[in-house]
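# Topology and contacts: notes
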Amino acid sequence: MRTLRRYAKLYLAFVRCTLARELSFRGNFLMRAAVEFLWFCLLVLFYDIIYGQTAHVGGWTQFQYMVLIGTFFLVTGLIDTLVMPNCAELAEQVRTGNLDHALVKPVDEQFILTLPRLDWANASNLLYGGGMVAYSLFRLEHWPTAAEVAAYCWGIFCAFVFFYSVLSMLAISAVYLVRNQSIWEQWFYVNLFARYPPEIFTGTWAKPLRTVLTYVFPVLVVVSVPARVLAHRVISVQGLLIATVAAGAAFALSRFVFRRVLLAYRGASA
Amino acid sequence: MRDETVIDAEGLTRHFKVYRKRAGFWAAVRGLFRREYRLVRAVDGVSFQVRAGEIVGFLGPNGAGKTTTLKMLAGLLYPTAGRATVLGFVPWERHNAFRRQFALVMGQRNQLWWDLPAIESFQLHRELYEIPPGDFQQRLRELTEALQVGKLIHQPVRELSLGERMKMELIGAFLHAPRLVLLDEPTLGLDVVAQAAILDCLRQFNRRYGTTILLTSHYMRDVEELCQRIIVINAGRIVYDGGLQGVVERFGRHKVLRLQFHTAAGTPGPETWNGSIEVLEHRPPLVKLRVERDQVSRLLQGLLAHWQLDDISVEDPPLEEIITDVFTTTAPPTESREPQTVRPAADGGH
Amino acid sequence: MSAPIAPGSSRRRLSRWSKYRAVLVTAISERFVYRTDFFIATLLRFAPIATTILLWQAVFAGSGRSELAGYRFEDVVAYYLFTTLGRAFSSMPGLAMGIAREIREGTIRRFLLQPIDLLGYLLACRVAHKLVYYLIAAVPFVVLFTLCGSYLPGWPTPGRFACGIAALVLAFLLGFYLEASLGMLAFWFLEISGVLYIMMGVNYFFSGHMIPLELLPSAVRAVAWALPFQYLAYFPATVWLQKTSMETVLAGLLVQAAWVAAMICLSRILLRRGLRRYTAFGG
């Protein structure tokens, strides 16, 4: 408990610092928020064109689908704000061989390498995503119950932990693998499938892909399960269970991988 | 307290495997499939102790193994062989209690938030090291006063000069009252004034807080100013460990003779000096000579018998020069075997 | 070599060529250094194709129609495959950013001192990057096009094939000079990353990479036709799709070439003005 309080305090101190820095570059902040908004609009426009041709995609009507897109923006917005700046920095630190300063600090190394920096400009995506979900629910005339809201929030939390764990593993693996692919690119491929409803994965090759992306690397679950709660008013216990287990397992694995990679980085012989 | 051992290293060794990159296109293509490595013995059996409150200079040319040794002591690297205790801990086990008690400063590597005033970074330090607010304020006041940077801590770090930034780094390093501070090339790239200021601060902090300081440098000046004791490392091995004066006694094979003759006419000509004597300056009536140590007394006897001298002084050559000698004579065998044509003063048959 | 007709001139040209060749070779070897996931990265680049196929499959299934805006399902898939091919030629990751960095940090000054032309140098680098990329991407591309063979139209006639190649090469040049011009804006504006990101979005949309341009609302479509971006992905794709007549293709190639010429002029003017401004302000 004391540890938890200490890390909360420490995290708040970092939040303060990043906020102070962001405020000193206000122009840049607005610009980037605008860019994010442009991409959001493009995506909305794309689905508007699509739904001009069809009434539903994989059983999702336009506003149900927009709940999915909004949820996707919420989850990726959280990651982009809280995790990505750290992973990008970590990859850079690995490249320049400068993890040293972080490693001499008396705190958990995974914490200080993957969490302290925030990128506030990406937080605007939370606004767009949240707004999209709210507007779609209004159009769908769905007024969620407390249970649905709780299930939704838990789903988002699991999705966040899952993606956080995957990304921190990818970032630290740069110690072993020199990549010409940026961590941003890797993140794009990690979340690529999460923005689509699982129902569209039909056909000879997509069926097994769906199984893999549901049970082995459940990107198809973590976003669609909470989205389904609000869009279809279905609380899938199995889905939430998979998401919870996935988040827990991925987090535990990331702790393990982090520790092993840093040991190797410091030249510990097996 | 004074004779407590802070660092105890024995036979520390660190080898690296280095990827050998070949030049050229086809070599690069081949490197795609098969890589060649070569073994570098960065540190090769280093043993020494440091007691509490000491300032020790770690001296050596680039690539001698200074930084690698420092990294092992900071727990950043595992040794290939050997053992070490720092502040009673095995550094590479990286206990939180250990990490709380020391600081690492690496010259030219910035730990402070670049776009923010240094005070913000210091407050982060307070949280990181859980410094009680009262202690934090007091210590910050002391440090800023000592370094005379009171106002600068409220200015964005990027607007500070290199020297000022280094001072901020030092404040950050001493804020949590570490018992040991490891500094890697703290004066690298600084101008002479800033260098002197940094060294002065280190001395002050060492006196005031009794902090043990181990610093690496390849500048002689740093060490000459600051350290009672130096450890000279070359090619991964310690070649000297002791007081400053000891270096001179052990490695200084020459003395500098400054002779003030009575008149210009009564000054021996340059051709008089033969054998191993080197004329550094010939401005009658003043002559400066570089003489091998064991020949000084014989030479002086002869001079006093034949010439009228007003003043004689026998000095040691600058430390810088002595150290350079040490490095050139203890270099790896392949290099020291090469004929030394540029420096006749160096003793080739050693 | 034999007769001293124009002594020096041919040798000078030769040495200039060898200079660019040196640049090319260095760039290629640099690319090879990042070996570990070069192959994986190239393969992953096709993952979005899979999701696109699945999405459109669902769209066609949902609509219950066999043709949308003149595209059958197979055509849509083929269209996206060909735009991916087009983008492989026309996208210039890091080019504008790199130029902006050189300007900001003042390293661009070396091009004032060294007898090497900035745009020529960058083009040589880029050609090298692309060549290596195609060398390695060729395998996954062939695999992908074979796997998706059922969606693709038959083999084109030699004439159309040549036009397709020309459209891709022109797309490469257009992309290069467009991106280079954008980078040169850094001579005038301190921070251009915002502009670049916005252009990325505009490019993604108007090049037809997002959706076949025929599906856009008519007002937006009119804007898309007037802009050069369609020649980066949409136009080369339509050439390979073989749904348009040879006359349309040739006319399109002419307009594309005109856009390339315009962009070359623009980038040259921007470079000259920018450098003049740079020296006037002392960097």
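Residue numbering note: each chain is counted from 1, following its sequence as written. Each chain is given a letter, starting from A, and each ligand a number, starting from 1, according to the order in which they appear as written. At least 70 in pLDDT is required for a residue's local features to be given in this predicted model, at least 80 for side-chain atom pairs to be given and counted, and no such filter applies to totals for whole chains, interfaces and linings, which use all residues. Working from all heavy atoms in the structure, the side-chain values ignore hydrogens and water.

## Observations regarding the overall build of chain C
What counts is decided by this rule: Think of it this way: any DSSP run of H or I at least four residues long counts as a helix, any run of E at least two long counts as a strand, and we number them from the N terminus. Partly exposed describes any residue whose relative accessible area lies between the buried limit of under 20% and the exposed limit of over 50%, with all areas from a 1.4 Å probe on protein chains only and scaled to the type maximum. Between two residues, a contact is recorded if the distance between any of their heavy atoms is within 4.5 Å. Every accessible area reported is derived by Shrake-Rupley at a probe size of 1.4 Å, with residue values counting cover from the shown protein chains alone.
Each helix and strand counted, chain C has twelve helices and two strands in total. The order of α-helices and β-strands along chain C, N terminus first, is α-α-α-β-β-α-α-α-α-α-α-α-α-α. In chain C, buried positions account for 50% of the 283 residues. Sequence separation of 24 or more characterises 80% of the internal contacts of chain C that already satisfy a separation of 6 or more. Carbon and sulfur atoms form 67% of the exposed surface of chain C, whose accessible area is close to 13800 Å².

## Quick look at the packing of helix H4 (residues 118–129) of chain B against helix H6 (residues 162–174) of chain B
All names here are of chain B. Heads up, the condition is: Axis geometry follows a simple rule: fit a line to the C-alpha atoms, using only the stretch in contact for helices, then measure angles between N-to-C directions, giving values from 0 to 180 degrees. Comment on the angle field: the value is read as roughly parallel under 35 degrees, roughly antiparallel over 145, roughly perpendicular from 65 to 115, and oblique elsewhere. Left-handed is the label given to a crossing in which the near helix is rotated counterclockwise from the far helix by less than a right angle, and right-handed is the label when the rotation is clockwise.
The geometry of H4 relative to H6 is characterised by a closest axis approach of 10 Å and an angle of 20 degrees between their N-to-C directions. By the angle between their axes, H4 is roughly parallel relative to H6. Every pair of crossing elements has a handedness; the one defined by H4 and H6 is right-handed. On the side of H4, the interface is formed by Ala-118, Phe-122 and His-125, while H6 contributes Met-168, Ile-171 and Gly-172.

## Quick word on the interface of chain C and chain A
Formally: Values labelled buried area give the accessible surface lost by two parts on being combined, using a 1.4 Å probe and summing over both. Within this document, salt bridges are pairs made up of a side-chain nitrogen of Lys or Arg and a carboxyl oxygen of Asp or Glu, the two lying within 4 Å of each other. Within 3.5 Å is the distance limit for a polar contact, defined as a pair of N or O atoms, with the added protein rule that one can donate a hydrogen and the other accept it, and that residues adjacent in sequence qualify only through two side-chain atoms. In this classification, the charged set is Asp, Glu, Lys and Arg, the nonpolar set is Ala, Val, Leu, Ile, Met, Phe, Trp, Tyr, Cys and Pro, and all remaining amino acids, among them Gly, are polar.
On the chain A side, the residues contacting the 37 residues of chain C number 32 residues. Buried area between chain C and chain A, both sides added, is near 3200 Å², and the carbon and sulfur share of it is 74%. Taken together, the links from chain C to chain A amount to zero salt bridges. Scanning the region where chain C abuts chain A turns up four residue pairs in polar contact (both at pLDDT 80 or more). Elements with a contribution of two residues or more to the side of chain C that touches chain A: helix H2 (38–44), helix H3 (47–63) and helix H9 (193–206) of chain C. Counting residues per element, the side of chain C that touches chain A draws most heavily on H3 of chain C, at 13 residues. Considered class by class, the residues forming the side of chain C that touches chain A number 26 nonpolar, seven polar and four charged.

## Some details on the sheet that holds strand S5 (residues 102–106) of chain B
All names here are of chain B. Stated formally: Following DSSP output, two strands are said to pair if at least two bridges run between them.
Strand order in this open sheet of six strands is S5-S6-S7-S3-S8-S9, and the pairing throughout is mixed. Each end of this open sheet is capped by a strand with a single partner; those strands are S5 and strand S9 (237–243). For this sheet, the mean angle separating the axes of adjacent strands, direction not counted, is 15 degrees. The pairing of strand S6 (residues 180–184) with strand S7 (residues 212–217) spans five bridges and is parallel. Pairing of Asp-184 across the sheet is with Thr-216, part of S7. The sheet contacts of helix H9 (residues 244–251) involve strand S8 (229–234) and S9, and relative to S9 the element is tilted by about 120 degrees.

## Digging into the sheet that holds strand S13 (residues 309–315) of chain B
Residues and elements named next belong to chain B. Strand order in the open sheet formed by four strands is S11-S12-S10-S13, with antiparallel pairing between adjacent strands. At either margin of the open sheet sits one strand with a lone partner, and together these are strand S11 (278–283) and S13. The average angle at which neighbouring strand axes cross in this sheet is 15 degrees, direction not considered. Bridge count for S11 against strand S12 (residues 286–292) is five bridges, and the pairing is antiparallel. When the bridges of S12 are listed, His-282 appears paired with Val-287. Sheet contacts for helix H10 (residues 296–306): strand S10 (254–261), S12 and S13; angle to S10, the most-contacted strand, approximately 10 degrees.

## Overview of the domain arrangement of chain B
Counted only if it meets this: Domain limits in this description derive from either an automatic procedure or a database domain assignment.
Each assigned domain of chain B is listed here: domain 1 (52–248) and domain 2 (253–315). Here domain 1 of chain B and domain 2 of chain B have C-alpha centroids that lie 44 Å from each other.

## Notes on the packing of helix H3 (residues 62–82) of chain A against helix H9 (residues 183–191) of chain A
Residues and elements named next belong to chain A. Where H3 meets H9, the axes come as close as 13 Å, and the angle between the chain directions of the two elements is 150 degrees. The orientation of H3 with respect to H9, classified from their angle, is roughly antiparallel. Relative to H9, H3 is oriented so that their crossing is right-handed. Of the residues in H9, those in contact with Phe-72, Thr-76, Ile-79 and Asp-80 of H3 are Trp-184, Trp-187 and Asn-191. Tallied by class, the residues present in the contact of H3 with H9 amount to four nonpolar, two polar and one charged.

## Considering unusual backbone geometry
Most peptide bonds are trans, and most residues other than glycine sit at a negative phi. Residue and element names in this part refer to chain B. With an omega of 10 degrees, the peptide bond running from Pro-284 to Pro-285 counts as cis. Within the secondary structure, Pro-285 sits in the loop between S11 and S12. Phi angles above zero are rare outside glycine, and Leu-87 is one such case at about 55 degrees. With respect to the helices and strands, Leu-87 occurs in the loop between strand S4 (81–86) and helix H3 (96–99). Phi at Arg-94 is positive, roughly 50 degrees, even though this residue is not glycine. Of note, Arg-94 is situated in the loop between S4 and H3.

## With respect to the nonpolar core
One broad rule of soluble globular proteins: the nonpolar side chains tend to lie buried together. Here is the rule we go by: What makes a nonpolar core is a set of buried Ala, Val, Leu, Ile, Met, Phe, Trp, Tyr and Cys residues whose side-chain atoms join them at distances within 4.5 Å.
Ranked by internal contacts, the top residues of the largest apolar core, which has 269 residues, are Tyr-65 and Phe-163 of chain A, Phe-122 and Met-168 of chain B together with Leu-55 and Trp-56 of chain C. The element best represented in this core is helix H8 (residues 146–172) of chain A, accounting for 14 residues. In contact with Met-168 of chain B, other than residues within four places in its own chain, are Leu-112, Ala-118, Phe-122, Val-149, Leu-152, Ile-153 and Leu-160 of chain B.

## Here we look at the packing of aromatic side chains
Under the convention used in this document: Aromatic rings from Phe, Tyr and Trp, with only the six-membered ring used for Trp, were paired whenever their centres fell within 6.5 Å, and each pair was classed as stacked if the ring planes differed by under 30 degrees, edge-to-face if by over 60, and tilted otherwise. Here, a charge over a ring is recorded when the distance from Lys NZ or Arg CZ to the ring centre is within 6 Å and its angle to the ring normal is within 35 degrees.
Applying the stated criterion across every chain, the model contains 44 aromatic pairs over all chains. Taking the centre distance of 5.4 Å and the plane angle of 35 degrees together, the rings of Trp-154 of chain A and Phe-157 of chain A count as tilted. Here Trp-154 of chain A pairs with Phe-157 of chain A, and both are found in helix H8, just three residues apart, close to one helical turn. What makes Trp-154 of chain A partly exposed here is its relative accessible area of 41%. A connected cluster of aromatic rings, assembled from ring pairs, spans Trp-56, Phe-60, Tyr-71, Phe-73, Tyr-79, Tyr-80, Tyr-151, Trp-225 and Tyr-234 of chain C. For the cation-ring pair, Arg-139 of chain B lies above Tyr-209 of chain B, with the distance from its terminal atom to the ring centre recorded as 3.8 Å. Positioned over the ring face of Tyr-71 of chain C is Lys-243 of chain C, at 5.6 Å from the centre of the ring.

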